[in-house]
Amino acid sequence: MHKVADIDVQHNITKANKKIADRITKKFDESNIFGVDFVGAIGSGKTSLIEDLIENMEGKIGVIAGDVISKFDANRFEKFNIPVVGLNTGKECHLDAHLVEHAVNDMPLDKIDYLFIENVGNLICPVDFDLGSHMRVVVISVSEGDDTVEKHPLIFQSADLVIINKIDIADAVGADTEKMVKDVKTLNPNVEVIKTSLKKEIGLNNIIHAIENFKKDKQN
Ligand SMILES: Nc1nc2c(ncn2[C@@H]2O[C@H](COP(=O)(O)OP(=O)(O)OP(=O)(O)O)[C@@H](O)[C@H]2O)c(=O)[nH]1
Ligand SMILES: [Mg+2]
């Protein structure tokens, strides 16, 4: 019989990632930047939300846009004439701190107040990968189904703010949005949950206030 050796690879990877993430946080703090990490389901509205925030929030925003391949999302942000860095993860289903640190080093940190990081659309892989940001916003939409929260508990437990988007089509897809809110609250009782339709301009101001309030609380 061969001897089986246990190697705790996952533990070592997340530990190494955390070390880099802490370095990123330090850099943000030294530059007086508030970092926000946007994670969520594929197509739930992460890029649309960041576009709306760029247009409507006070303060200078820079964006790091993660995609598996291509620069689709980075190109969408470039029209705003703000600092943007696009990252490709290749076969990986999440950003990690090592990749993000390179992008942060390419950012004009003295010219921004907020750094928004859009992760690859996925509700599982990003959970354990701290990117050094101060706040994690999880974006889902009704079209993933109203059992999405129950099926992916860890990402909602790691959230500082949860957005349930596309409520304009909730009836069409038969989604019970109150059930989705209740499921989030069961997993993470203190987290704020905001229902939005970015398409119909519902809920955006609540998100802006939530991010600003979270920033104030962190800085006190
Ligand atoms: N009906 C409806 N459609 C929306 C809403 N918000 C965004 N969309 C549409 O949903 C699609 C995906 O939006 P994106 O913002 O690209 O989503 P994403 O999460 O960035 O997608 P990935 O980066 O590919 O994971 C686009 O066609 C948007 O126009 C909404 O509130 N209601
Ligand atoms: Mg996107």
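To start, this report covers the structure provided alongside it.

Cut-off values and rules
The residue numbers shown here count from 1 along each chain, following its written sequence. Chain letters start at A and ligand numbers start at 1, both assigned in the order the entries are written. The predicted nature of this model means local features are confined to residues of pLDDT at least 70 and side-chain atom pairs, given and counted, to a pLDDT of 80 or more, with totals for whole chains, interfaces and linings taken over all residues. Each residue gets a C-beta atom placed from its backbone. If that atom is within 6 Å of a molecule or strand, the residue is near it. Runs of H or I in DSSP of at least four residues are treated as helices and runs of E of at least two as strands, each being numbered from the N terminus. For this classification, Asp, Glu, Lys and Arg are treated as charged, while Ala, Val, Leu, Ile, Met, Phe, Trp, Tyr, Cys and Pro are nonpolar and the rest, including Gly, are polar. Backbone-placed C-beta atoms define the burial measure: a residue is buried with 20 or more other C-beta atoms within 10 Å of its own, exposed with 12 or fewer, and partly exposed in between. Any two strands with at least two DSSP-identified bridges between them are counted as paired. Here an axis means a line fitted to C-alpha atoms, over the contact stretch when the element is a helix, while the angle between two N-to-C directions is reported on a 0 to 180 degree scale. Remark: residues whose backbone-derived C-beta atoms lie within 7 Å of one another are considered to be in contact. Any set of buried Ala, Val, Leu, Ile, Met, Phe, Trp, Tyr and Cys residues joined through C-beta atoms within 7 Å is what this text calls a nonpolar core.

A few words now on the site of ligand 1. Among the 16 residues in the neighbourhood of ligand 1, the closest are listed as K46, T47, S48, G121 and K199. It is helix α2 (residues 46-56) that provides the largest number of residues to the shell around ligand 1, a total of 3 residues. Class assignment of the residues belonging to the shell around ligand 1 gives a composition of 3 nonpolar, 8 polar and 5 charged.

Attention shifts here to unusual backbone geometry. Backbone geometry places N32, a non-glycine residue, at a positive phi of 60 degrees. Phi angles above zero are rare outside glycine, and K166 is one such case at about 65 degrees. Along the chain, the position of K166 falls in the loop between β6 (161-165) and α7 (170-173). Residue classification places K166 among the buried positions, given that 25 C-beta atoms sit within 10 Å.

Quick look at the sheet that holds strand β5 (residues 135-141) now. Two modes of strand pairing occur in sheets, parallel and antiparallel, and in both the strands are linked by backbone hydrogen bonds. Read from one edge to the other, the open sheet built from 7 strands follows the order β3-β2-β4-β1-β5-β6-β7, with strand pairing classed as parallel. For this open sheet the edge positions go to β3 (84-88) and β7 (192-195), each flanked by a neighbour on one side alone. Mean inter-strand twist for the sheet, computed between neighbouring axes without regard to direction, equals 20 degrees. Sheet topology note: the β6/β7 ladder contains 4 bridges and is parallel. Bridged to L161 within β7 is E192. Where helix α9 (residues 204-219) meets the sheet, its contacts fall on β1 (34-40), β5, β6 and β7, and the angle it forms with β7 comes to roughly 160 degrees.

To continue, consider the nonpolar core. In terms of nonpolar packing, the biggest core is built from 57 residues, with F38, I64, V100, F116, V138 and V162 touching the most fellow members. It is helix α4 (residues 97-105) that contributes the most residues to this core, 5 residues altogether.

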